[in-house]
Amino acid sequence: MEMNDTLRIILNRKSVRSFTGQEVSNELLEELARAGMAAPSARNLQPWAFVIVTNRATLDTLAERLPYAKMLFEAPAAIAVCGDLSKAGDSPEGYWVQDCSAATQNILLAAEAMGLGAVWTGVYPRPDRVAIVKEVLGLPDNVLPLNVIPIGFPKGEHQPKEKFKVENIHWQHW
């Protein structure tokens, strides 16, 4: 069976942590946000909000202060995927984490399809990381950052990891 383009993108997605430094246009970054907003969400509440960062000083501050986001020193852009709790539904937090995770995956897949490199760097639920991103990006009280995605053109060759393990599949019951 021939693999279609969608499956090829999914299976070739990789975490890219090294970038050429070449600028990523606002149009490409907006297209990534558009892909994020195409994600499914519980009750279609769409509780996501995206902070697109291209300011070098802000990227460097995030790189300095977030323990696992040092690649932001090389990345020309980043998207902070956030949950707006005012849109999260009737429970204290709703399903914003799941909804924003789906949006994040769409952004990562779109970056792969566009020839860009990207990597998910976790922020939520670590209170120290949440506080850093909220402070640096000036997020209001009702907005929580789920992650920061460094984005750029990949430097060097990056290969996807083979993650398929038949032992993780159970048919009909455990």
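Here the structure is a predicted model, which is why all the values come from computation and not from measurement. (Residues numbered from 1 in each chain as written. Predicted model: local features only at pLDDT ≥ 70, side-chain atom pairs only at ≥ 80, totals over all residues. Heavy atoms only, no water.)

Draft legend 1. Here's a closer look at the overall build of the chain. Scanning the chain from terminus to terminus reveals five helices and five strands. Starting at the N terminus and walking to the C terminus, you meet the elements of the chain as α-α-β-α-β-α-β-β-α-β. Over its C-alpha trace the chain gives a radius of gyration of 17 Å, about what one expects of a compact globule, namely 16 Å for 174 residues. Viewed in the frame of its principal axes, the chain has a C-alpha envelope of about 50 × 45 × 30 Å. Considering the chain as a whole, with its 174 residues, one finds that 40% of them fall into the buried category. Taking the intrachain contacts of the chain between residues at least 6 apart in sequence as the baseline, contacts between residues at least 24 apart amount to 76%. (Helix = DSSP H or I, 4+ residues; strand = E, 2+ residues; numbered from the N terminus. Rg over C-alpha atoms; globule rule 2.2 N^0.38 Å. Buried < 20%, exposed > 50% of the residue type's maximum accessible area, 1.4 Å probe, protein only. Contact = heavy atoms within 4.5 Å.)

Draft legend 2. Inspection of the pattern of salt bridges at higher detail. On inspection of all chains with the given rule, the structure shows seven salt bridges. The salt bridge partner of E112 is K14, with a shortest N-O separation of 2.8 Å. One end of the pair, E112, is in helix α4 (residues 96-113); the other, K14, is in the loop between α1 (5-12) and α2 (26-37), with 98 residues separating them in the sequence. An identical accessibility class is assigned to E112 and K14; each is buried. (Salt bridge = Lys/Arg side-chain N within 4 Å of Asp/Glu carboxyl O.)

Draft legend 3. The arrangement of the side chain of T121 in detail. With respect to the element layout, T121 can be found in strand β4 (residues 121-122). At a separation of 2.4 Å, a polar atom in the side chain of T121 contacts the main-chain carbonyl oxygen of V148. Those residues in contact with T121 that lie beyond four places of it in its chain are Y68, A69, M71, N147, V148 and P150. (Polar contact = N/O pair within 3.5 Å; in protein donor to acceptor, adjacent residues only side chain to side chain.)

Draft legend 4. Main features of the state of the cysteines. With the rule as written, the count across this model stands at zero disulfides. Its sulfur unpaired, C82 is 7.6 Å from the next cysteine sulfur, which belongs to C100. (Disulfide = S-S within 2.5 Å.)

Draft legend 5. Geometry of a nonpolar patch on the surface. Judged by side-chain polarity, M3, L7, I10 and L11 come together as a nonpolar surface patch covering roughly 340 Å² of accessible area. With respect to the helices and strands, the residue M3 is situated in the segment before α1. (Patch = residues over 30% accessible without salt bridge, like charges linked within 9 Å, V, L, I, M, F, W, Y side chains within 5 Å. Areas by Shrake-Rupley, 256 points an atom, 1.4 Å probe, with all protein chains shown as cover.)

Draft legend 6. Fine view of the nonpolar core. Among the nonpolar cores identified, the biggest contains 49 residues, and L32, F50, L72, V133, V148 and I151 are the most heavily contacted of them. Counting residues per element, the ones that place at least two in this core are α2, β1 (48-53), α3 (56-65), β2 (77-84), α4, α5 (127-137) and β5 (143-152). (Core = buried A, V, L, I, M, F, W, Y, C linked by side-chain atoms within 4.5 Å.)

Draft legend 7. Region of the structure containing the layout of surface pockets. Considered as a void within the structure, the largest pocket measures approximately 440 Å³ in volume. For the largest pocket, the lining is made up of 16 residues, of which L11, R13, P160, K161 and K163 are closest to its centre. Elements that contribute at least two residues to the lining of the largest pocket include exactly α1 and α4. Looking at the lining of the largest pocket, its residues break down into six nonpolar, four polar and six charged. (1 Å grid on protein atoms, 1.4 Å probe; cavity = no way out; pocket = protein on both sides within 12 Å on 5 of 7 lines; lining within 4 Å. Points joined across faces, edges and corners; volume = space filled by probe spheres on them. Nonpolar A, V, L, I, M, F, W, Y, C, P; charged D, E, K, R; others polar.)

Draft legend 8. Here's a closer look at the environment of F19. Positionally, F19 belongs in the loop between α1 and α2. The class for F19 is buried, based on a relative accessible area of 2%. Between the C-alpha atoms of F19 and L66, which are 47 residues apart in sequence, the distance is 18 Å. With sequence-adjacent residues up to four places away left out, F19 is seen in contact with M71, E74, A75, P76, G117, A118, P150, I151, G152, F153 and K155.

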